[in-house]
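A structural walkthrough
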Amino acid sequence: MADPSSYRPKPGQIPDSPGVYKFRDEHRRVIYVGKAKNLRQRVANYFQDLANLHPRTRTMVTTAASVEWTVVSTEVEALQLEYSWIKEFDPRFNVKYRDDKSYPYLAVTLNEEFPRVQVMRGAKKKGVRYFGPYGHAWAIRETVDLMLRVFPVRTCSAGVFKNAARTGRPCLLGYIGKCSAPCVGRVTPEEHRELAEDFCDFMAGRTGTYIRRLEKDMMQAAEEMEYERAARLRDDAEALKRAMEKSAVVLADATDADLIAVAEDELEAALQIFHVRGGRVRGQRGWVTDKVEAVDTSGLVEHALQQLYGEERGDAVPKEVLVPALPEDPEAVSQWLADRRGSQVSLRIPQRGDKKDLMATVQRNAQQALGLHKTKRASDLTTRSRALEEIAEALGLDTAPLRIECYDISHLQGDDVVASMVVFEDGLARKSEYRRFQIKGFEGQDDVRSMHEVIGRRFKRYLQDKERTGEWEEAPEAAPGAPGSASVHASATGPAATDPAATGQATAGPAAIGQAAAGPVSTGPAATGPVPAPELTAASPDDEPEPREDDGRPKRFAYPPQLVVVDGGQPQVAAARRALDELGIDDIAVCGLAKRLEEVWLPDDDDPVVLPRSSEGLYLLQRVRDEAHRFAITYQRAKRAKRIRSSPLDDVTGLGETRKQALIKHFGSVKKLRQATIDEICEVPGIGRRTAESVVAALATTAPAAPAVNTATGEIIEEDDGGSS
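Here goes a summary of the coordinates provided. Every chain's residues receive numbers from 1 upward, in the order its sequence appears when written. Reporting of local features is limited, given that this is a predicted model, to residues whose pLDDT is at least 70; pairs of side-chain atoms are given and counted only at 80 or more, and all residues count toward the totals for whole chains, interfaces and linings. To get the side-chain values, take all heavy atoms of the structure and skip hydrogens and water.

1. A closer look at a negative patch on the surface
Condition: By definition, no residue in a patch forms a salt bridge, and every one has over 30% relative accessible area; like charges are joined within 9 Å, nonpolar side chains (Val, Leu, Ile, Met, Phe, Trp, Tyr) within 5 Å. Calculation of accessible area relied on Shrake-Rupley with a 1.4 Å probe; when residues are assessed, cover is drawn exclusively from the protein chains displayed. Put simply, a salt bridge is a Lys or Arg side-chain nitrogen that is within 4 Å of an Asp or Glu carboxyl oxygen. Positive charge is attributed to Lys and Arg, negative charge to Asp and Glu, and no charge count is given to His or to the chain ends. Here the site of a charge means NZ on Lys, CZ on Arg, CG on Asp, or CD on Glu. Strands are runs of DSSP state E lasting at least 2 residues, helices are runs of H or I lasting at least 4, and numbering of each runs from the N terminus.
Judged by side-chain charge, E113, E190, E191, E194 and E197 come together as a negatively charged surface patch. Position of E191 relative to the elements: it lies in helix α7 (residues 189-203).

As structure tokens, this is what we get:
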């Protein structure tokens, strides 16, 4: 008997979207299939206290060894996929669907003179066309009710049909237009059979033809001013579209296709394949693979095609293969697939319509699979411990680095240069400790100099916190240069305190919080000289304000890391090490992770440390580096967007948004506003002379921006609003 907690997923791992889930036993056999509108809520119900579960449910969860799920777009897709899996896997614990009548099917009795549409259960009969199975008979009846508007096929029993033929009066459906009434001779047997065959074609997935035909007839009727007929055709087309939404996960015209999606990062890739046959999703496959070679999305697609169809022949290779990116030589791959199928195979990227929508669903499943895989690896204590041990061994550390800080620089061609600091403790992200920086010591593009500034600023704050709390008090008897006293105290009283880059208030932008945005920090009793105001910006939106010194809570930079990781190679590592040496800090290890070859660089080493591709230590370093890059580029984009939206009118005291818009509306652009006199500005409603003088002064102190040029036409684009100047 298995313990459900041994395979219970964390709530954050499970998506809250519609989907289908499977429980498997220790032999990987599917023992239960279910569907849910909200996967997170439904799956979590199985992992409550066993005493609260139904006896059969308790037996199922203790028999299972794992749980999986597939995300779909709508509840209808989840419904259809659940039934397909129940039929395919025959799970032993799906007892609620097992009754004496089996699963209901939508059946068309083509073996009769006047075919009938009905719900059927039990053994299949020869000459009857079946669609399904469905979970409930009401789902079939709702679909049929919609389709009878367009395909008025007989649905009555043999007794009702014979009675209507005897009396010469059709049933109610015949009077309201939902039956062609073959019982009283309104249509011939041939005409009625044609309606039944069209009904079957639509249910088989060839939907596009009929909807297009109805829409064409509707437009023609409207042109001929037969508006009542056009309205009826419009309603018929809408009924078919609603029936399509209720029926299944389908592609128009009974498409046979495989859809392949890829979600990847620098180390791993997740592939998901949906097999569509007859316009319906008939199966799904997926796996996560290590990227053991330098390969892009096109290469991953090509490898997937080889593995999927290398041993297949004939109809096992579909007519159409939809991929997110074409292989390097698509013609050759298409021909290879055609040879295996025996006929032409279309290999392409879906651009629009239902196929693109279904590809988006496959892509979501691939992303979910990759995220789940990464989360499982990251949250596994044994894996994380091994990763930290591998890092310590590779870098020659005495102990495992329980706290790792990673730094990255981000800019756009030298503008809006920012940096990020992310923190991982015990191998997991500690987002409340994230910080972000603005590079203020210089202007322009210099990643090495930026890294030196950021490391210096961060650890100056660390030393100041230690100074303030009295943990690193100066010891007069200590020898000059001895660690722990003079060199540390100098950081608070010596040149570092007067560094222009380390003074002044923070300029964090809209997300600045706490004292970092409020003003200078008051010094504690241990400080013996002026302490510079914090120059760091707050990191994450959910960060709490800078705690007061007497609340007993740790300060922002109170904890030193055991390892500093920088995004870059030997130059960035050397800059970080130099910044620490200048502060007298020699007990923090430094390394860099270069993107291209994933090499680990150490200070003063000419050759990098190369970790195996399968190393958990390398995987953890990559996660830390990628998180720092994400955090930095997010801040840089937000900062750039704010700068682009800025205007010289923002600096005018007392000029609000309404009056700024009034000025721009009156003059047409900031450029024309610059050329206006004070008297002309005073003509704008709501603008007094003092405000006009302030506007003129503000515009005079800011140089006009260079004209923007449309690179396609060469046209100079004049300013037309207050967005920039």
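From this point, the narrative continues.
2. Observations concerning the nonpolar core
Note the cut-off: To qualify as a nonpolar core, a set must consist of buried Ala, Val, Leu, Ile, Met, Phe, Trp, Tyr and Cys residues joined through side-chain atoms within 4.5 Å. Remark: exposure states derive from per-residue accessible area (1.4 Å probe, protein chains only) relative to the maximum for the residue type, with buried under 20%, exposed over 50%, and partly exposed in between. Contact definition: two residues touch when any of their heavy atoms are within 4.5 Å.
Ranked by internal contacts, the top residues of the largest apolar core, which has 28 residues, are Y407, V454, I455, F459, V564, L580 and I585. Elements with a minimum of two residues in this core: β12 (403-412), β13 (415-425), α14 (447-469), β17 (563-567), α17 (570-582) and β18 (589-594). The greatest single-element share of this core, amounting to six residues, is contributed by α14. Aside from chain neighbours lying at most four places away, what touches V454 is Y407, I409, A419, F437 and I439.

3. A short note on the sheet that holds strand β5 (residues 117-120)
To keep things clear, this is the line we draw: When DSSP finds at least two bridges between two strands, those strands are taken to pair. Axis geometry follows a simple rule: fit a line to the C-alpha atoms, using only the stretch in contact for helices, then measure angles between N-to-C directions, giving values from 0 to 180 degrees.
Sheet architecture is open: three strands sit in the order β5-β4-β6, paired in antiparallel fashion. Of all the strands in the sheet, just β5 and β6 (129-131) have a single pairing partner and so form its edges. Pairwise comparison of adjacent strand axes, ignoring direction, gives a mean angle of 30° for this sheet. By the bridge criterion, three bridges tie strand β4 (residues 105-108) to β6 in an arrangement that is antiparallel. Residue pairing in the sheet places V108 in a bridge with R129 of β6. Set on the sheet, α7 makes contact with β4, β5 and β6; between it and β4 the angle comes to about 150°.

4. Details of the pattern of salt bridges
The full count for this structure, using the stated rule, is 23 salt bridges. Among the salt bridges present, the one from D235 reaches R234, with a minimum N-O distance of 3.2 Å. Classification of D235 as partly exposed rests on a relative accessible area of 32%. Among the salt bridges present, the one from E320 reaches R348, with a minimum N-O distance of 2.6 Å. Of this pair, E320 sits in strand β10 (residues 320-322) while R348 sits in strand β11 (residues 346-348); the two residues are 28 residues apart in sequence, bridging distant segments of the chain. Given the relative accessible area of 9%, E320 is considered buried. When salt bridges with common partners are traced through the structure, they connect R403, E405, E425, R430, E433 and R458 into a single cluster.

5. Section: the sheet that holds strand β2 (residues 30-36)
Across a sheet, paired strands are connected by hydrogen bonds in the backbone, their directions being either parallel or antiparallel. Read across the open sheet, the three strands follow the order β2-β1-β3; overall the sheet is antiparallel. Since the sheet does not close on itself, it has two edges, and those belong to β2 and β3 (64-71), each with one partner. Recorded for the sheet is a direction-independent mean angle of 20° between the axes of neighbouring strands. Two elements, strand β1 (residues 19-25) and β2, share six bridges in a ladder whose sense is antiparallel.

6. What about unusual backbone geometry?
At D426, a position not held by glycine, the phi torsion is positive, near 55°. With relative accessibility at 33%, the residue D426 sits in the partly exposed group. Even without being a glycine, D604 presents a positive backbone phi close to 65°. Looking at the secondary structure, you find D604 in the loop between β19 (599-601) and α18 (616-644).

7. Concerning the pairing of β13
The buried fraction of β13 amounts to nine of the 11 residues, a majority that puts the element mostly inside the structure. Direction of pairing for β12 relative to β13: antiparallel, over a ladder of nine bridges. Of the residues in β13, the one forming a bridge with D408 is S420. Counted along the chain from β12 to the antiparallel partner β13, the turn is two residues long, and its residue Q413 has a positive phi close to 55°. For β13 and strand β15 (residues 435-438), the ladder comprises four bridges, and the chain directions are antiparallel. The residue of β15 that forms the bridge with M421 is R435. Counting the residues in the hairpin turn of β13 and strand β14 (residues 428-429) gives two residues, including D426, whose phi is positive at 55°.

8. Focus on the side chain of D567
In this structure, D567 sits in strand β17. Residue D567 is classed as buried on the basis of its relative accessible area of 8%. In this view, D567 contacts Y407, D408, M451, Q572, L593, K595, R625 and H629; residues no more than four positions away in its chain are not counted.

9. As for the pairing of β1
Counting buried positions along β1 yields seven of seven residues, so the element is predominantly enclosed. Going residue by residue along β1, you find G19, Y21, F23 and D25 tucked away on one face and V20, K22 and R24 tucked away on the opposite face as well. Two elements, β1 and β3, share seven bridges in a ladder whose sense is antiparallel. Each bridged residue has a counterpart across the sheet, and for F23 the counterpart in β3 is V67. Counting the residues between successive antiparallel strands, the hairpin from β1 to β2 contains four residues, one of them, R28, with a positive phi of roughly 70°.

10. Some thoughts on the packing of aromatic side chains
The condition that has to hold: Here a Phe, Tyr or Trp ring, Trp counted by its six-membered ring, pairs with any other such ring whose centre lies within 6.5 Å, and the pair is stacked when the planes are under 30 degrees apart, edge-to-face when over 60, and tilted otherwise. By definition here, charges over rings are those cases where NZ of Lys or CZ of Arg is within 6 Å of the ring centre and within 35 degrees of the ring normal.
Counting across every chain of the model gives 12 aromatic pairs. Here the aromatic rings of Y7 and F47 are separated by 5.5 Å at their centres, their planes lie at 75°, and the arrangement is edge-to-face. One end of the pair, Y7, is in the segment before β1; the other, F47, is in the loop between α1 (39-45) and α2 (55-63), with 40 residues separating them in the sequence. Ring centres of F151 and F199 lie 6.3 Å apart, and the angle between their planes is 85°; on these two criteria the pair is classed as edge-to-face. Of this pair, F151 sits in the loop between α4 (137-147) and α5 (158-167) while F199 sits in helix α7, placing them 48 residues apart in sequence. Across the pair, exposure class does not vary: F151 and F199 are buried alike. Taking the ring centre of F161 as reference, the NZ or CZ of R154 above it sits at 4.8 Å.

11. Overview of the packing of helix α10 (residues 297-309) against helix α11 (residues 330-341)
Stated precisely, the cut-off is as follows: Note that the term roughly parallel is reserved for angles under 35 degrees, roughly antiparallel for angles over 145, roughly perpendicular for angles of 65 to 115, and oblique for everything else. Under this grouping Gly is polar, as are all residues other than the nonpolar Ala, Val, Leu, Ile, Met, Phe, Trp, Tyr, Cys and Pro and the charged Asp, Glu, Lys and Arg.
As a packed pair, α10 and α11 sit with axes 12 Å apart at the nearest point and diverge in direction by 10°. On the basis of their axis angle, the class for α10 and α11 is roughly parallel. Residues E302, L305, Q306 and Y309 of α10 form the contact with α11, whose participating residues are V333, W336, L337 and R340. By residue class, the composition of the contact of α10 with α11 is five nonpolar, one polar and two charged.

12. A few points about the environment of R578
Secondary-structure assignment places R578 in helix α17. Spatially, the C-alpha atom of R578 lies 9.3 Å from that of I455, the residues being 123 residues apart in sequence.

13. Description of α17
Note the following rule: The span expected for a helix works out to 1.5 Å for each residue beyond the first.
An ideal rise of 1.5 Å per residue puts 18 Å on 13 residues; α17 measures up with 18 Å between its terminal C-alpha atoms. All buried positions along α17 are accounted for by Q572, V573, A575, A576, R577, A579 and L580. Once α17 ends, the next one or two residues include G584, with phi positive near 75°.

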